[in-house]
Protein chains: 6
Amino acid sequence: MKTKKASESYTFKTEMVLPNDTNTLGNLMGGKLMHWIDIIAAIAAQKASNRTVVTASVDSISFNSPILLGEIVELEAQVTRSFNTSMEIRVSVKATNLRTGESRPCNIAYLTFVAVDQNGNPIPVTNIIPENEQEETWFEEALQRREMRLFLAGRIEIDESQELKKILRKS
Amino acid sequence: MKTKKASESYTFKTEMVLPNDTNTLGNLMGGKLMHWIDIIAAIAAQKASNRTVVTASVDSISFNSPILLGEIVELEAQVTRSFNTSMEIRVSVKATNLRTGESRPCNIAYLTFVAVDQNGNPIPVTNIIPENEQEETWFEEALQRREMRLFLAGRIEIDESQELKKILRKS
Amino acid sequence: MKTKKASESYTFKTEMVLPNDTNTLGNLMGGKLMHWIDIIAAIAAQKASNRTVVTASVDSISFNSPILLGEIVELEAQVTRSFNTSMEIRVSVKATNLRTGESRPCNIAYLTFVAVDQNGNPIPVTNIIPENEQEETWFEEALQRREMRLFLAGRIEIDESQELKKILRKS
Amino acid sequence: MKTKKASESYTFKTEMVLPNDTNTLGNLMGGKLMHWIDIIAAIAAQKASNRTVVTASVDSISFNSPILLGEIVELEAQVTRSFNTSMEIRVSVKATNLRTGESRPCNIAYLTFVAVDQNGNPIPVTNIIPENEQEETWFEEALQRREMRLFLAGRIEIDESQELKKILRKS
Amino acid sequence: MKTKKASESYTFKTEMVLPNDTNTLGNLMGGKLMHWIDIIAAIAAQKASNRTVVTASVDSISFNSPILLGEIVELEAQVTRSFNTSMEIRVSVKATNLRTGESRPCNIAYLTFVAVDQNGNPIPVTNIIPENEQEETWFEEALQRREMRLFLAGRIEIDESQELKKILRKS
Amino acid sequence: MKTKKASESYTFKTEMVLPNDTNTLGNLMGGKLMHWIDIIAAIAAQKASNRTVVTASVDSISFNSPILLGEIVELEAQVTRSFNTSMEIRVSVKATNLRTGESRPCNIAYLTFVAVDQNGNPIPVTNIIPENEQEETWFEEALQRREMRLFLAGRIEIDESQELKKILRKS
């Protein structure tokens, strides 16, 4: 079975906030940022699988820090774990004011992409191997997030999920 | 205190999938759909609050059904519940093939928007009143989703959440 | 012969005026609004005919009320009458200031679309049936507008048009 | 009173039809063409008046000849006549297939623009002088078209219009 | 062998600077202007060759005069000379403030386009004939610019270039 | 005097070629790539200077390798040298086919940006320090390229340029 290192899917993207990306306050619109997040995650998933991929889900995203017109936005994406025909991608977003040079973290997003053939049918993906401690943490937690997604989608009960039981016991 | 009916925030939007909205399979890109979802939710939140609003969070979204070039996408948004300075908006997405006239449900998304003043500081919002059974269900569940968001963001423990305890007991 | 109710073609679209839609006064450009009008009319015509459609003509449009950056624009379209291979669509445009909640009517446009096959050749369309008084008025007047179009295009003389003679007698 | 030659407002624009300008048949969408027509007419009106201008109306436009992906579109605009605070602009559209080098006329559009001050209030415009036979014909007919617009908008009766009576007598 | 007059490739384009074309100073971004320059040059090259063309190179461009939001930009392009499978196109850019009516020259750009068949392979182009003194100067200098390009790309030595030797002797 | 390491201006950007970025062959248009090159260079220049910057010039660019719809484009920018009020930025472009995972270098571009104050007047920039051998080569050669630019713009004679004389002696 084909394998790849998680870091081979690493993708980076810098954008500048232009007038049409902003709302009437002069801030980057949430929907535009989600668009960028989706595109960079798709590229990372294609790097990992060498396949056409389609967005299967986006986990919840918080927008805590408004990003202003003229600021730059740096997006970083990497596949955390592959499942049968799908991959989880972690995207982190940082904004920088180039007048002061100060950066601030803005969002972390987790997306799931499915690899598909020419007819759009799911096909198995390359096995993704974490290599350092950080990647292993992401890899481990990917399973938790996956079962949380299945639970939120009503596809499994908490009883069926070892991972969710672990979270609940901790809290 | 000012109040409004939930239905006063109802917003509807029809889009046609054009070439630049699609990926190399000829399907609507997830990120473009998220952009449309964010815009319609922002409009619904502004109708409810008569204020400038900013996206605070987007709950997880699944993309089960690919939407094709040339199909139309109908988005429907309504505020489900207002909290102190924020509102939850429910967006449902339907795709239609105009050759056959057949429609299919595609996504349900929940977003949270915060109303802000001219300096971007949060300000109290109008109280939103559900009026029928459907709106009351959305209103009740909004609290559960809110506590789930706070739990996922690490801001509360499960013990502090009556709503999450209810879900867990059920499952 | 296949028939459909006029109301089955009803289409609704909400847009927010973003920076790139505006001229240097901060008002929605007429050409952008015409673009939205054309798209919603095309969707209504496709709903009525379940065919690919192309714009055949747009009747004169007045722009009386400037629409400002940040305002929302609501467009409503419905087929008024079908002819042999063409349909007339009525689009009405309303603008709303979401700070005050006040709406104002902006434009009424009439467009004609032709249904075409894969080679772009005109093909017969579904027969559209008005059902209430309002739709019947639109249906009746569609014939007048059609003959006015043919007269303005130099294809018929006033003598050949019962409808134009009626208008002239009235005025 | 300030005057200008009509030809000083002459404006020309070449566009290439790109993927996102087309419908699912691969033809230029009517609404996109209207957008280009509005922009070139606005430029011609600004050349004539040296003022900010806003679209007041667009006369009926026919779309007889589909324009294909990859073809070029040439738009030509010129002010035909100025009234008190408004100007009529004539736009003609030609499409060219660059493989064969063959051009074909596509549309003639008449638009009215109003010159406005910084608060958006109408202000008097420069007097536009026709100089050759072609421009004089456009100038004469501009009055007819104007009264037709007022009649179609229900602002005048045919009895009040010398120009409309002339047209009717001819037909 | 097929020939064409240089003037048959003449292409003209007027654009208005809209909000999304500008940087945070409200000036037209250099990259957007380069995009317009590339498109108009491509159209001129297609007019000359009646072929699909691809950009092969762009000579250095200076941006001396900022162009502001709301100003209009006039681009003029013409093929100066054809080589075997390529053509050189000269683009000149002028900006106009429509409030004052004043124009100023902004840039001169030279681009090279290659004509290609359906597989993207270069194919011979029509021979372009200069007709007046201005066109003959452009035609002569095109050879100098071509050898300068080859020299800058490291493909020829100065010794191999009659044209570069001439420039050096002059300076 | 303020200094910065050259590497502090390093900027990276990944883009995916979408339908509207392509010409009728399905290849990325040269003008779109130039737009991306300009934006990433502007970001690098802002990182180096913490100032608003405007494009002053772009050196000649060759487009040897067509980039296809669906491929990804990676752009890398870094300031090579600062002069009084200007900076030279080097941008390298690489394309990758994500089905095969193969990458190929596409272009190297050199741009000059000027730092400006709020009135658009040039102001002194931070001194940029090369730190490794590669950066020192870029730094040295930046002077050559600068004198070549001045020579090509007719602002200096070859006799006045030590750097150009060096190039000529070598060839």
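Before any of the text, the structure's been laid out above.
Residues numbered from 1 in each chain as written. Chains lettered and ligands numbered in written order. Predicted model: local features only at pLDDT ≥ 70, side-chain atom pairs only at ≥ 80, totals over all residues. Heavy atoms only, no water.

Trainee: Explanation requested: the relation of the copies chain D and chain C in the structure shown.
Mentor: Two copies of a chain can be linked by a rotation about an axis combined with a shift along that same axis. For the pair chain D and chain C, the best superposition has an RMSD of 0.0 Å and corresponds to a rotation of 180 degrees with a translation of 0.0 Å parallel to the axis. Both copies of the chain, as the preceding transformation shows, are related through a two-fold rotation axis. Within chain D, Ser60(D) has its C-alpha nearest the rotation axis, a separation of 2.1 Å. (Least-squares fit on C-alpha atoms with pLDDT ≥ 70 in both.)

Trainee: Please explain the packing of aromatic side chains as it appears in this structure.
Mentor: Here a ring pair, both rings aromatic, is described through the centre-centre distance and the interplanar angle of the planes. Counted under the stated rule, the structure contains 0 aromatic pairs over all chains. A cation over a ring is seen here: Arg145(D) above Tyr110(D), with NZ or CZ 3.7 Å from the ring centre. (Phe/Tyr/Trp six-rings, centres within 6.5 Å; stacked < 30°, edge-to-face > 60°. Lys NZ or Arg CZ within 6 Å of the ring centre and 35° of its normal.)

Trainee: Please clarify how the pairing of strand β7 (residues 102-116) of chain F should be interpreted in this entry.
Mentor: All names here are of chain F. As paired strands, strand β3 (residues 52-58) and β7 are joined by 6 bridges and run antiparallel to one another. By the bridge assignment, threonine 52 is partnered in β7 with valine 116. The antiparallel hairpin formed by strand β6 (residues 86-97) and β7 contains 4 residues in its connecting segment, where glycine 101 sits at a positive phi of about 80 degrees. (Pairing = 2+ DSSP bridges. Helix = DSSP H or I, 4+ residues; strand = E, 2+ residues; numbered from the N terminus.)

Trainee: Help me understand the interface of chain D and chain F in this model?
Mentor: Interfaces are often described in size by the accessible area the parts lose on coming together. In this assembly, 4 residues from chain D lie in contact with 5 residues from chain F. Summed over both sides, the interface of chain D with chain F buries roughly 380 Å², with 72% coming from carbon and sulfur. The largest contributions to the chain D side of the interface with chain F come from Leu18(D), Pro19(D) and Asn20(D), which together make up 76% of the buried area. Counting every contact that joins chain D to chain F gives 0 salt bridges. At the boundary of chain D with chain F, the tally comes to 1 residue pair in polar contact (both at pLDDT 80 or more). Here the residues of the side of chain D that touches chain F sort into 2 nonpolar, 2 polar and no charged. (Contact = heavy atoms within 4.5 Å. Buried area = accessible area lost by both parts, 1.4 Å probe. Salt bridge = Lys/Arg side-chain N within 4 Å of Asp/Glu carboxyl O. Polar contact = N/O pair within 3.5 Å; in protein donor to acceptor, adjacent residues only side chain to side chain. Nonpolar A, V, L, I, M, F, W, Y, C, P; charged D, E, K, R; others polar.)

Trainee: Sorry if this is basic, but what is going on with the pattern of salt bridges here?
Mentor: Side chains that differ in sign of charge can pair as their charged atoms come close. Taken as a whole and assessed by the stated rule, the structure comprises 60 salt bridges over all chains. When the shortest N-O distance is used, the salt bridge between Asp59(C) and Arg149(C) registers 2.7 Å. With a gap of 90 residues between them, Asp59(C) in the loop between β3 (52-58) and β4 (61-62) and Arg149(C) in helix α2 (residues 133-152) connect regions that are remote in the sequence. A cluster of three or more residues bridged by salt bridges with shared partners is formed by Asp59(A), Glu88(A), Glu141(A), Arg145(A) and Arg149(A).

Trainee: Honestly, the interface of chain D and chain C in this entry has me stumped. Any pointers?
Mentor: The interface of chain D with chain C comprises 36 residues on the first partner and 36 residues on the second. Between chain D and chain C, the buried area comes to about 2700 Å², and carbon and sulfur atoms account for 67% of it. One can count 0 salt bridges joining chain D with chain C. Secondary structure elements with two or more residues in the side of chain D that touches chain C: α1 (30-49), β3 (52-58), β4 (61-62), α2 (133-152) and α3 (162-170) of chain D. At 7 residues, the largest contribution of residues to the side of chain D that touches chain C is made by β3(D). Taken together, the residues of the side of chain D that touches chain C break down into 16 nonpolar, 14 polar and 6 charged. As judged from the 2 bridges shared by β4(C) and β3(D), these two strands associate in the antiparallel manner.

Without other data, these values stay purely geometric and don't point to any function.
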